[in-house]
Amino acid sequence: MSGIAFIGLGNMGGPMAANLVKAGHQVAGFDLAEGSLKAAAETGVQPATSLAEAVRDKDCIITMLPKGEHVISVWGELAKQISSDLLLIDCSTIDVESAKRAHALAADAGCHSLDAPVSGGTVGAANATLTFMVGGTDAAFAEGQPILQAMGKKIVHCGTEGAGQAAKICNNMILGISMIGVSEAFVLAEKLGLSHRAFFDVASTSSGQCWSLTNYCPVPGPVPASPANNGYRPGFSASLMLKDLKLAQEAAKHSGATTPVGALAASLYAEFESDGHGAEDFSAIIKLLRDSLDH
Ligand code: NAD
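Residues numbered from 1 in each chain as written. Predicted model: local features only at pLDDT ≥ 70, side-chain atom pairs only at ≥ 80, totals over all residues. Heavy atoms only, no water.

> I'm lost on the packing of helix H4 (residues 68–81) against helix H5 (residues 96–108) in this one. Help?
Two quantities define a packed helix pair, namely the angle between the axes and the distance from one axis to the other. Where H4 contacts H5, the axes come no closer than 9 Å and their chain directions differ by 5°. Here H4 lies roughly parallel to H5, going by the angle between them. Taking contact as the criterion, the partners of Gly68, Val71, Ile72, Trp75, Gly76 and Ala79 in H4 are, on H5, Ser98, Arg101, Ala102, His103, Leu105 and Ala106. (Axes fitted to C-alpha atoms, helices over the stretch in contact; angles between N-to-C directions. Helix = DSSP H or I, 4+ residues; strand = E, 2+ residues; numbered from the N terminus. Parallel < 35°, antiparallel > 145°, perpendicular 65-115°, else oblique. Contact = heavy atoms within 4.5 Å.)

Structure follows, in structure tokens:
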């Protein structure tokens, strides 16, 4: 490998690029935001002043951008500039249709490509413990796997083009729904006079057990590291959860799947965001449920 270009050095991309440097890769980085570029330079990433400069003479290009439209725009630019046989990897969380379009842009340029969204948040990005859900051909996966291993602890090849994004939004639909379920149960338990501790001790060792309860418990106390103990500071923001639930609804519409509970979860998070809580951790949704009960 003669080097990697990393495009999008924000909350996730910055530490991911830093871990590639730590693993011994030559990494050039580009971001529209000067601050992100500067912070990345402090971790050993070579800052580039343009996309073209970042990707010059590289074997692999990684993008970590906010939305599908950004990925299509950047990959569209890349397709005009790069030579064939490069590996393009998109780690952003985007809609399945845009992911497939991005793969097509790479194929037209004679390049291999992977969609490789992540789970694990900013802590996983910093500690190189992300889970990667990967879509693409076997050949592209074999090429990309050693690179992804420098940034994550579990790399799952989910299938062909778009399969990584499909796995990501299905997983996060479970997460959004289960957080609402756990929150609703705590609110009901409160009304029935149960202490948070008593209910947690039962549910966490019974059939109600799930990640939302045991890792991100929406009430303070039972799980010391959960955002509820830290004023609901994210963590994983309610706005990002809403973004993923909307992507799941879009995919359900395209594919003809019936996801009524996912749709309800999306509408509850949309209400929560429009009430001004988008920047809080997604477990703060318990406040919306308490408010609804009180009215
Ligand atoms: P972020 O907003 O912190 O970073 C995105 C970066 O992309 C910004 O620095 C922005 O300046 C840059 N950018 C936008 N357009 C660009 C362009 N055309 N060229 C170069 N740079 C450009 O977002 P983030 O939290 O790092 O998230 C990135 C992706 O990862 C999103 O798709 C998000 O859904 C996903 N994700 C985030 C988390 C999390 O906890 N933050 C967890 C899992 C997945």
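> What's the story with the pairing of strand S9 (residues 152–159) in this structure? I'm lost.
A regular strand carries its side chains on alternate faces of the sheet. As paired strands, strand S8 (residues 130–135) and S9 are joined by six bridges and run parallel to one another. Paired with methionine 133 across the two strands is valine 156, which belongs to S9. Running through helix H7 (residues 138–149), the crossover from S8 to the neighbouring parallel element S9 is right-handed. (Pairing = 2+ DSSP bridges. Right-handed = clockwise from strand over helix to strand, strands pointing away.)

> Is there a simple way to think about the site of the ligand in this case?
By nearness alone, 22 residues border the ligand, and Asn11, Met12, Asp31, Leu65 and Lys243 come closest of all. Contacts to the ligand include methionine 12, whose backbone N or O atom sits 2.8 Å from an oxygen atom. Leucine 65 is positioned such that a nitrogen or oxygen atom in its backbone is 3.0 Å from an oxygen atom of the ligand. Within the complex, the protein chains bury 84% of what would otherwise be the 840 Å² of accessible surface of the ligand. (Near = heavy atom within 4 Å. Polar contact = N/O pair within 3.5 Å; in protein donor to acceptor, adjacent residues only side chain to side chain. Areas by Shrake-Rupley, 256 points an atom, 1.4 Å probe, with all protein chains shown as cover.)

> I tried to follow the pattern of salt bridges on my own but got confused; where do I start?
Should their charged atoms come close, side chains of opposite charge can pair. Inspection of every chain in the model, using the stated rule, returns four salt bridges. Between glutamate 190 and arginine 290 there is a salt bridge, with the nearest N and O atoms lying 2.6 Å from each other. In this pair, glutamate 190 is assigned in helix H8 (residues 163–191) and arginine 290 in helix H13 (residues 285–294), connecting sequence segments 100 residues apart. Glutamate 190 gets classed as partly exposed once you look at its relative accessible area, which sits at 26%. (Salt bridge = Lys/Arg side-chain N within 4 Å of Asp/Glu carboxyl O. Buried < 20%, exposed > 50% of the residue type's maximum accessible area, 1.4 Å probe, protein only.)

> Would you explain the environment of glutamate 184 in this entry?
Among the structural elements, glutamate 184 can be located in helix H8. Take glutamate 184: its relative accessible area is 48%, and that puts it in the partly exposed class. Along the sequence, glutamate 184 and leucine 9 sit 175 residues apart, while their C-alpha atoms lie 37 Å from each other.

In short, geometric facts, not functional conclusions.
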